There are 2 protein chains.
Amino acid sequence: MTNKPQFTTEVRRLANVAKALSHPVRIYILQKLSKMNSCCYSGDLVEELPVSRSTLSQHLKELKYAGLIQGEINPPYIKYCINRKNWEKAREIFNEFLNESSGEISCETTDYLIHK
Amino acid sequence: MTNKPQFTTEVRRLANVAKALSHPVRIYILQKLSKMNSCCYSGDLVEELPVSRSTLSQHLKELKYAGLIQGEINPPYIKYCINRKNWEKAREIFNEFLNESSGEISCETTDYLIHK
DNA sequence: TTTATATTTCGCAAAGTTACGAAATGATTT
DNA sequence: AAATCATTTCGTAACTTTGCGAAATATAAA
């Protein structure tokens, strides 16, 4: 009788953040917002991206749901900001995940997959 | 006539790696393999994960396709390894993406979304 | 109050992901 | 050659994601 364990919270969290980052539109938005030192953006993101307004809105919604951005209403405009607290958290768990590997190189690495 | 630009290679690369990382099974595998200083693992991964053999095989295939792991045949076993070169690359682009943000906190940040 | 502007939600279609069991593959042992 | 073992591929079902245009919402300006 095989033992089928569940994932740890850490593993699930990493996968969730990665999912939020797994689309070029969302990467673009995060890259833009995270670089802004004045914190918020209120320009027309749709002009810079190859998607329609409604599609963009959906991506923004997903990023909000994932907690990575915030929207501040200033009718009829909305300013988008990085959610610094959660962005920091995401950074931490990714840094840990990516940088905890043993730097050791061994086992004659090949550049390509042997398995066809 | 609105201008609809394409994504840069960097943005597309980031999204692709994030996609490869967007499932707990794949995070688990990468975490395990990247931590091993003996580079390879050929144990029965399926015993440690809540999925069937065929499903696991699909996830491994995806990670191979993304270039993050390699499989080394030693019939009838296969040893999986991190593809160190590409793992390092992924690390670099993620570190840049996550850490290039202005650390400045301003614009009275709120913890929750204002937009309902 | 009508019109204009910014944005989101709805409804839908197309495509992609995840999962499984069964069949196939490919090598080794009997 | 037959049985065995580790693994992958196939076929299929259920679900999720992505995308769009049209309709809805909500405010401001005329």
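Procedures and definitions
- Residues numbered from 1 in each chain as written.
- Chains lettered and ligands numbered in written order.
- Predicted model: local features only at pLDDT ≥ 70, side-chain atom pairs only at ≥ 80, totals over all residues.
- Heavy atoms only, no water.
- Axes fitted to C-alpha atoms, helices over the stretch in contact; angles between N-to-C directions.
- Helix = DSSP H or I, 4+ residues; strand = E, 2+ residues; numbered from the N terminus.
- Parallel < 35°, antiparallel > 145°, perpendicular 65-115°, else oblique.
- Left-handed = near helix turned anticlockwise from the far one by under 90°.
- Contact = heavy atoms within 4.5 Å.
- Core = buried A, V, L, I, M, F, W, Y, C linked by side-chain atoms within 4.5 Å.
- Buried < 20%, exposed > 50% of the residue type's maximum accessible area, 1.4 Å probe, protein only.
- Pairing = 2+ DSSP bridges.
- Near = heavy atom within 4 Å.
- Polar contact = N/O pair within 3.5 Å; in protein donor to acceptor, adjacent residues only side chain to side chain.
- Salt bridge = Lys/Arg side-chain N within 4 Å of Asp/Glu carboxyl O.
- pLDDT = per-residue confidence, 0-100.
- Expected span 1.5 Å × (residues − 1).
- Nonpolar A, V, L, I, M, F, W, Y, C, P; charged D, E, K, R; others polar.
- Phe/Tyr/Trp six-rings, centres within 6.5 Å; stacked < 30°, edge-to-face > 60°.

J.: Describe the packing of helix 2 (residues 24-35) of chain A against helix 1 (residues 9-20) of chain B, naming the residues involved and giving the relevant values.
T.: Packed helix pairs are characterised by how far apart their axes lie and by the angle those axes make with each other. Between helix 2 of chain A and helix 1 of chain B, the least distance of the axes is 8 Å, while the angle of their chain directions is 115 degrees. By the angle class used here, helix 2 of chain A and helix 1 of chain B are roughly perpendicular. The chirality of how helix 2 of chain A crosses helix 1 of chain B is right-handed. In this structure, helix 2 of chain A contributes Pro 24, Ile 27, Tyr 28 and Gln 31 of chain A to the contact, and helix 1 of chain B contributes Glu 10, Val 11, Leu 14 and Ala 15 of chain B.

J.: An account of the nonpolar core is requested, with residue identities and associated values reported.
T.: Of all hydrophobic cores here, the largest spans 63 residues; its most connected members are Phe 94 of chain A together with Phe 94 of chain B. Setting aside chain neighbours within four positions, we find Phe 94 of chain A in contact with Leu 14, Val 17 and Ala 18 of chain A together with Leu 21, Phe 94 and Leu 98 of chain B.

J.: Got a sec to walk through the pairing of strand 3 (residues 77-82) of chain B? Specific residues and values, please.
T.: The side chains of a regular strand alternate, residue by residue, between the two faces of the sheet. All names here are of chain B. As paired elements, strand 1 (residues 40-41) and strand 3 share two bridges and run antiparallel to each other. Note that in strand 3 the partner of Tyr 41 across the bridge is Tyr 80. With six bridges joining them, strand 2 (residues 69-74) and strand 3 adopt antiparallel strand pairing. For Ile 69, the partnering residue across the bridge sits in strand 3 and is Ile 82.

J.: Give me the lowdown on the protein's contact with DNA strand C, citing residues and values where you can.
T.: Near DNA strand C, the surroundings consist of 21 residues, among which Ser 57 and Tyr 80 of chain A together with Lys 19, Ser 52 and His 59 of chain B are the closest. The sugar-phosphate backbone supplies 67% of the atoms of DNA strand C found within 4 Å of the protein. Ile 78 of chain A places a main-chain nitrogen or oxygen 3.3 Å from a phosphate oxygen of DNA strand C. Here a phosphate oxygen of DNA strand C and a side-chain polar atom of Lys 19 of chain B are 2.8 Å apart.

J.: Report on the pattern of salt bridges, specifying residues and quantitative values.
T.: Residue and element names in this part refer to chain B. Enumeration according to the criterion identifies eight salt bridges over all chains in this entry. The salt bridge involving Glu 62 is made with Arg 26; its shortest N-O contact spans 3.1 Å. On the criterion of sequence distance, the pair formed by Glu 62 in helix 3 (residues 53-65) and Arg 26 in helix 2 (residues 24-35) is long-range, its members being 36 residues apart. Look at Arg 26 and you get buried, because its relative accessible area is 6%.

J.: Hey, could you go over the confidence of the model for chain A for me, with residue numbers and the actual values?
T.: Residue and element names in this part refer to chain A. Of all residues in chain A, 78% attain a pLDDT of 70 or more, and the chain-wide mean is 83. Averaged over each element, pLDDT in chain A is lowest for strand 1 (residues 40-41) (81) and highest for helix 1 (residues 9-20) (97). In this model, residues 105-116 is a region of pLDDT below 50 whose contacts with residues beyond four sequence positions or in other chains number 26 contacts.

J.: Mind laying out helix 2 of chain B, listing which residues take part and the relevant values?
T.: Residue and element names in this part refer to chain B. The end-to-end C-alpha distance of helix 2, which contains twelve residues, comes to 16 Å, matching closely the 16 Å that a straight helix rising 1.5 Å per residue would cover. Within helix 2, nine of the twelve residues are buried, leaving the element largely enclosed by the surrounding structure. Every buried residue belonging to helix 2 is among Pro 24, Val 25, Arg 26, Ile 27, Ile 29, Leu 30, Gln 31, Leu 33 and Ser 34, and all of these are buried.

J.: Explain helix 1 of chain A residue by residue, including any values.
T.: For helix 1 of chain A, with twelve residues, the first-to-last C-alpha span of 17 Å sits near the 16 Å given by 1.5 Å per residue. By the burial criterion, the buried members of helix 1 of chain A are Val 11, Leu 14, Ala 15, Val 17, Ala 18 and Ala 20 of chain A.

J.: Got a sec to walk through the protein's contact with DNA strand D? Specific residues and values, please.
T.: Around DNA strand D, the surrounding shell holds 21 residues, and the nearest of these are Lys 19, Ser 52 and His 59 of chain A together with Ser 57 and Tyr 80 of chain B. Looking at DNA strand D alone, sugar and phosphate atoms form 67% of those within 4 Å of the protein. A distance of 3.2 Å separates a phosphate oxygen of DNA strand D from a polar atom in the side chain of His 23 of chain A. Here a phosphate oxygen of DNA strand D and a backbone polar atom of Ile 78 of chain B are 3.4 Å apart. Put simply, the parts of the chain that give the surface near DNA strand D at least two residues each are helix 3 (53-65) of chain A together with helix 3 and strand 3 of chain B. Residue composition of the surface near DNA strand D, grouped by class: six nonpolar, nine polar and six charged.

J.: Describe the packing of aromatic side chains, naming the residues involved and giving the relevant values.
T.: Ring pairs (aromatic) are described by centroid distance and by the angle formed between their planes. Under the criterion given, the structure shown has three aromatic pairs over all chains. Each ring, one from Phe 94 of chain A and one from Phe 94 of chain B, has its centre 5.3 Å from the other, and the planes form 0 degrees; the classification is stacked. Placement of the pair is Phe 94 of chain A in helix 4 (residues 84-99) and Phe 94 of chain B in helix 4 (residues 84-99), with the two residues belonging to separate chains. Of the two residues examined, Phe 94 of chain A and Phe 94 of chain B, each falls in the buried class. Arranged with centres 5.5 Å apart and planes meeting at 85 degrees, the rings of Phe 97 of chain A and Trp 87 of chain B form a pair that is edge-to-face. One end of the pair, Phe 97 of chain A, is in helix 4; the other, Trp 87 of chain B, is in helix 4, on a second chain.

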